[in-house]
Amino acid sequence: KAGVTQTPRYLIKTRGQQVTLSCSPISGHRSVSWYQQTPGQGLQFLFEYFSETQRNKGNFPGRFSGRQFSNSRSEMNVSTLELGDSALYLCASSLELGLSDPQYFGPGTRLTVL
Amino acid sequence: DAKTTQPTSMDCAEGRAANLPCNHSTISGNEYVYWYRQIHSQGPQYIIHGLKNNETNEMASLIITEDRKSSTLILPHATLRDTAVYYCIVRRKNAGNMLTFGGGTRLMVKP
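So, how was this worked out
- Residues numbered from 1 in each chain as written.
- Chains lettered and ligands numbered in written order.
- Predicted model: local features only at pLDDT ≥ 70, side-chain atom pairs only at ≥ 80, totals over all residues.
- Heavy atoms only, no water.
- Pairing = 2+ DSSP bridges.
- Helix = DSSP H or I, 4+ residues; strand = E, 2+ residues; numbered from the N terminus.
- Axes fitted to C-alpha atoms, helices over the stretch in contact; angles between N-to-C directions.
- Salt bridge = Lys/Arg side-chain N within 4 Å of Asp/Glu carboxyl O.
- Buried < 20%, exposed > 50% of the residue type's maximum accessible area, 1.4 Å probe, protein only.
- Phe/Tyr/Trp six-rings, centres within 6.5 Å; stacked < 30°, edge-to-face > 60°.

A. Structural view of the sheet that holds strand β8 (residues 74-78) of chain A. Residues and elements named next belong to chain A. Here four strands make up an open sheet; going across it, the order is β1-β3-β8-β7 and the pairing antiparallel. A strand with exactly one partner marks an edge of an open sheet, and here the two such strands are β1 (5-7) and β7 (64-68). Put simply, the sheet's adjacent strands are angled 20 degrees from each other on average, direction ignored. In this structure, β1 lies alongside strand β3 (residues 19-24), joined through three bridges in antiparallel fashion. If you follow T5 over to β3, its bridge partner there is S24.

B. Broad picture of the pattern of salt bridges. All names here are of chain A. Within the structure shown, the criterion is met by seven salt bridges over all chains. Two residues, R30 and E96, come together in a salt bridge whose shortest N-O distance is 2.9 Å. Placement of the pair is R30 in the loop between β3 and β4 (31-38) and E96 in the loop between β9 (87-94) and β10 (104-105), with a sequence separation of 66 residues. The class for R30 is partly exposed, based on a relative accessible area of 35%.

C. Representation of the packing of aromatic side chains in the model. Inspection of every chain in the model, using the stated rule, returns 14 aromatic pairs over all chains. Here the aromatic rings of Y34 of chain B and Y36 of chain B are separated by 6.4 Å at their centres, their planes lie at 15 degrees, and the arrangement is stacked. On the accessibility criterion, Y36 of chain B (0% relative accessible area) is buried. Among the aromatic residues, those joined into a cluster by ring pairs are Y35, F45, Y104 and F105 of chain A together with Y32, Y34, Y36, Y46, Y87 and F101 of chain B.

Here it is in structure tokens:
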């Protein structure tokens with residue numbers, strides 16, 4: 001079974017631009033979560049989707065948004081990019097929302113904002 | 001929050017067992033302990049999880065103390081490829097799928 005895939009793997013943008021990142025979960029998985037990883041802040045939760053509904057949101061500004069489609073694929077969008085948005089963005093999927101359902105991470109998208 | 005405490009770094013000789021401790025003294029009933037690892041610049045890799053009983057899979061063993069206040073991840077025969085940051089995480093009951101990552105333990109496996 002294929003793992004979580006994320007596209008693109010690398011991205012370079014300039015301040016003020018916007019960016020859309022894509023995540024395809026493992027087949028059959030209905031939950032998708034997004035995380036940001038930076039050297040200073042570590043791994044931080046962005047948001048979580050299940051059945052096309054946002055179930056949980058981390059402490060990030062409104063410039064960060066996401067959505068999930070009926071096939072469980074998810075996208076996240078960052079508008080008005082800032083230098084501090086440079087990070088590794090990780091997507092994770094799980095079957096359901098249960099505490100005993102592991103999340104499986106993709107390889108990430110490395111975003112560089114110049 | 002059921003926070004976790006892990007040593008910042010550990011060394012292990014190749015071929016020996018690596019025992020990574022984690023303290024989670026405020027864990028509540030029905031909260032699971034999860035272990036992930038992250039090799040440099042890759043996405044975190046799920047290793048194992050448990051509730052009360054010890055668990056074993058092809059990657060590792062998880063030993064949870066009877067009072068559930070601490071656990072140990074055991075890599076039975078560490079290889080150089082096991083060099084990574086290991087994260088111990090307690091899944092909160094009302095947090096959906098949100099994982100709260102701490103600093104983890106940087107395990108260095110040496111030849």
